[in-house]
Amino acid sequence: MKVIVLDNAVEISKEAAEIIIKQVNKNRGSVIGFATGASPVETYKRIIESYEKGEVSLKHITTFNLDEYVGLSRENVNSYYYFMKDNLFGKTDVDFQKVNFLSGQAENIEEECARYSAKIRESGGIDIQILGIGTNGHIGFNEPGDNFADGPFAVKLTQSTIDANSKYFEAVGDKMPEYALTMGIGDIMRAKRIILIATGKSKAEAIKKLVEGEVTPSCPASILKLHGDVTVFVDKESASLLGDR
Ligand code: PGA
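Residues numbered from 1 in each chain as written. Predicted model: local features only at pLDDT ≥ 70, side-chain atom pairs only at ≥ 80, totals over all residues. Heavy atoms only, no water.

Chemist: So what's going on with the sheet that holds strand E2 (residues 31-34)? Which residues, and what values?
Modeler: Read across the sheet, 7 strands follow the order E1-E10-E9-E6-E2-E3-E5 without closing on themselves; strand pairing throughout is parallel. Of all strands in the sheet, those with a lone pairing partner are strand E1 (2-6) and strand E5 (99-100), marking the two edges. Pairing of strand E6 (residues 128-131) with strand E9 (residues 193-198), which is carried by 4 bridges, proceeds in the parallel orientation. Following the sheet pairing, Leu131 is matched in E9 by Leu196. Together, strand E3 (62-65) and E5 form the strand contacts of helix H4 (residues 109-122), whose direction differs from that of E3 by roughly 145°. (Pairing = 2+ DSSP bridges. Helix = DSSP H or I, 4+ residues; strand = E, 2+ residues; numbered from the N terminus. Contact = heavy atoms within 4.5 Å. Axes fitted to C-alpha atoms, helices over the stretch in contact; angles between N-to-C directions.)

And the structure:
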């Protein structure tokens, strides 16, 4: 696992976007796993800028997002589908036919998870998976627990995740859902390359556990140490608890 400490989110975004753009320019049909949340937003802005300058086209990529809230439609401003449309896809030439999401409105959750798993497999697998990390060490919505899940599943969100994300729902007078669908740890670990982005003091504990702790489902991100190609981009604040390296 490569850990790269940079000054701030803008510096991180330059490097992270560069990796994705290079991948897409090498293979225009690349399969990219996207993440929502505040962490990758600067990186998405950079990709949009590059698209606008004609440096990259996302027209032929296939996308998979990590997770989605149960019960929210794609039109809901707090759905992750909406987030991706608003923060990246809708501002580039992404082909929405090639955009894949777990459906938060699926009637049969088991079938929906199996469908998503099969779709990832049929795509040939994810070339680059982008990740954030929760203050509790979650990746996607794989919350701390007793084991690592392999494929997609429905999860009851922990209080720490609800505390971190309910502000987005309160802003529009809604209550945050308590359940989400998420890719499993196995899905994430099968990605060929993984980029994790973390910024801010609130992530310092999680980053310390990820980088210096043991591999344990009580910090789901810690399993990334067993992957052969992970780059962790952290700013000075989120790296502040790391020992000398
Ligand atoms: P954030 O969320 O990027 O909004 O901090 C990351 C996560 O919860 O995985």
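Chemist: Describe the site of the ligand, and please don't skip the residues or the numbers.
Modeler: In the region of the ligand, the neighbouring residues are Gly37, Ala38, Ser39, Gly132, Ile133, Gly134, His138 and Lys203. Between the ligand and the protein, one listed contact pairs an oxygen atom with a side-chain N or O atom of His138 at 2.7 Å. Protein coverage of the free-state accessible area of the ligand, which is 280 Å², stands at 81%. Residue classes in the shell around the ligand are distributed as 2 nonpolar, 5 polar and 1 charged. (Near = heavy atom within 4 Å. Polar contact = N/O pair within 3.5 Å; in protein donor to acceptor, adjacent residues only side chain to side chain. Areas by Shrake-Rupley, 256 points an atom, 1.4 Å probe, with all protein chains shown as cover. Nonpolar A, V, L, I, M, F, W, Y, C, P; charged D, E, K, R; others polar.)

Chemist: I'd like to hear about the packing of aromatic side chains, residue by residue, with values.
Modeler: One pass over the full model with this rule turns up 10 aromatic pairs. Considering the side-chain rings of Tyr69 and Phe169, the 5.2 Å spacing of their centres and the 85° angle between planes classify their relative orientation as edge-to-face. One end of the pair, Tyr69, is in strand E4 (residues 67-69); the other, Phe169, is in helix H5 (residues 159-170), with 100 residues separating them in the sequence. The class for Phe169 is buried, based on a relative accessible area of 2%. (Phe/Tyr/Trp six-rings, centres within 6.5 Å; stacked < 30°, edge-to-face > 60°. Buried < 20%, exposed > 50% of the residue type's maximum accessible area, 1.4 Å probe, protein only.)

Chemist: Just give me the short version of a nonpolar patch on the surface, but keep the residues and values in it.
Modeler: There is a patch of nonpolar side chains on the surface, built from Val77, Tyr82 and Val172 and spanning about 230 Å² of accessible area. Its place among the elements puts Val77 in the loop between E4 and helix H3 (80-87). (Patch = residues over 30% accessible without salt bridge, like charges linked within 9 Å, V, L, I, M, F, W, Y side chains within 5 Å. Salt bridge = Lys/Arg side-chain N within 4 Å of Asp/Glu carboxyl O.)

Chemist: Tell me about the pattern of salt bridges, and name the residues and values.
Modeler: Under the criterion given, the structure shown has 13 salt bridges. Residues Arg190 and Asp150 are paired through a salt bridge, measuring 2.9 Å at the closest nitrogen-oxygen approach. Taken together, the positions of Arg190 in the loop between helix H6 (185-189) and E9 and Asp150 in the loop between E6 and strand E7 (153-156) put the pair 40 residues apart, joining distant regions of the chain. On the basis of relative accessible area, Asp150 is assigned to the partly exposed category, the value being 47%. For the salt bridge of Arg190 with Asp187, the shortest nitrogen-to-oxygen distance reads 3.2 Å. Taken together, the shared-partner salt bridges connect Asp150, Asp187 and Arg190 into one network.

Chemist: Account for the packing of helix H1 (residues 9-26) against helix H2 (residues 41-52), naming residues and giving values.
Modeler: Look at H1 against H2: their axes get within 8 Å of each other, and the N-to-C directions meet at 55°. Comparing the axis directions of H1 and H2 gives the class oblique. In the packing of H1 onto H2, the handedness of the crossing is right-handed. On H2, the residues that touch Ala9, Val10, Ser13, Lys14, Ala16, Ala17, Ile20 and Ile21 of H1 are Glu42, Thr43, Arg46, Ile47 and Ser50. Residue classes in the contact of H1 with H2 are distributed as 7 nonpolar, 3 polar and 3 charged. (Parallel < 35°, antiparallel > 145°, perpendicular 65-115°, else oblique. Left-handed = near helix turned anticlockwise from the far one by under 90°.)

Chemist: Describe the environment of Ile126, with residues and values.
Modeler: Mapping Ile126 onto the fold places it in the loop between H4 and E6. Classification of Ile126 by relative accessible area gives buried; the value is 2%. In the structure, Ile126 is positioned 24 residues away from Leu102 in sequence and 15 Å away in space, judged by C-alpha atoms. Leaving out residues up to four positions away in the same chain, Ile126 has contacts with Val31, Ile32, Gly33, Phe64, Ile120, Met183, Ala191 and Lys192.

Note that all results are geometric; they support no functional claim without further evidence.
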